[in-house]
Amino acid sequence: QGQLVESGGGLVQTGGSLRLSCAASGRTFSSYAMGWFRQAPGKEREFVAAISGSGGITDYADSMKGRFTISRDNAKNTVSLQMNSLKPEDTANYYCAARAGPIQKIAVLYPYWGQGTQVTVSS
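Residues numbered from 1 in each chain as written. Predicted model: local features only at pLDDT ≥ 70, side-chain atom pairs only at ≥ 80, totals over all residues. Heavy atoms only, no water.

> Can you help me understand the state of the cysteines in this one?
Joining two cysteines, a disulfide is a covalent bond between their sulfur atoms. In this structure the tally under the stated criterion is 1 disulfide. Between the sulfur atoms of Cys 22 and its disulfide partner Cys 96 the distance amounts to 2.1 Å. Looking down the S-S bond of the Cys 22 and Cys 96 bridge, the torsion is -80 degrees, so its handedness is left-handed. Here the residue Cys 22 occupies a position in strand E3 (residues 18–24), and Cys 96 occupies one in strand E9 (residues 92–100), the gap between them amounting to 74 residues. For Cys 22, a relative accessible area of 1% puts it in the buried group. Among the residues examined, Cys 96 registers a relative accessible area of 0% and is labelled buried. (Disulfide = S-S within 2.5 Å. Helix = DSSP H or I, 4+ residues; strand = E, 2+ residues; numbered from the N terminus. Buried < 20%, exposed > 50% of the residue type's maximum accessible area, 1.4 Å probe, protein only.)

Spelled out as structure tokens, the structure:
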């Protein structure tokens, strides 16, 4: 019975930083690629970042490169998203997702999802 639980969302001013965390249950965490996606009301779910099971490979949406950093701690079954230089357009519900196998950028290819954590960037 796997479960993903996000935390760390909140309200931040433009240009500020926020660190999101995702805690996973289960005993095979290191075999799963992990992704972060975001979705604003009325918008499509958007790829943010992903990291391979070992942590050796990362990928980011173009708009996130240089601002966001994904990392994982397999000993603690956690994945994090450090978000810097935040913009109002980053406002969304951020979801942690997991899948067996390699990194993917498409949401439907991730079968496991957390409940989301809200990030609001004020102007």
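> Help me understand unusual backbone geometry in this model?
For residues besides glycine, phi is generally negative; the peptide bonds are generally trans as well. With a phi close to 55 degrees, Asn 77 is a non-glycine residue in the positive phi region. Among the residues examined, Asn 77 registers a relative accessible area of 16% and is labelled buried. If you check the backbone angles, Ser 85 has positive phi at about 50 degrees while not being a glycine. Note on placement: Ser 85 falls in the loop between strand E8 (78–83) and E9.

> Got a minute to help me understand the pattern of salt bridges in this structure?
Opposite charge on two side chains lets them pair, provided their charged atoms get close. For the structure on display, the rule yields 5 salt bridges. A salt bridge links Asp 59 to Lys 105; the shortest N-O distance between them is 3.1 Å. A residue pair is termed long-range when its members are at least 10 positions apart, and Asp 59 in strand E6 (residues 58–60) and Lys 105 in the loop between E9 and strand E10 (112–113) qualify at 46 residues. A single network of salt bridges, built from pairs that share partners, joins Arg 38, Glu 46, Arg 67 and Asp 90. (Salt bridge = Lys/Arg side-chain N within 4 Å of Asp/Glu carboxyl O.)

That is the geometry; function is a separate question.
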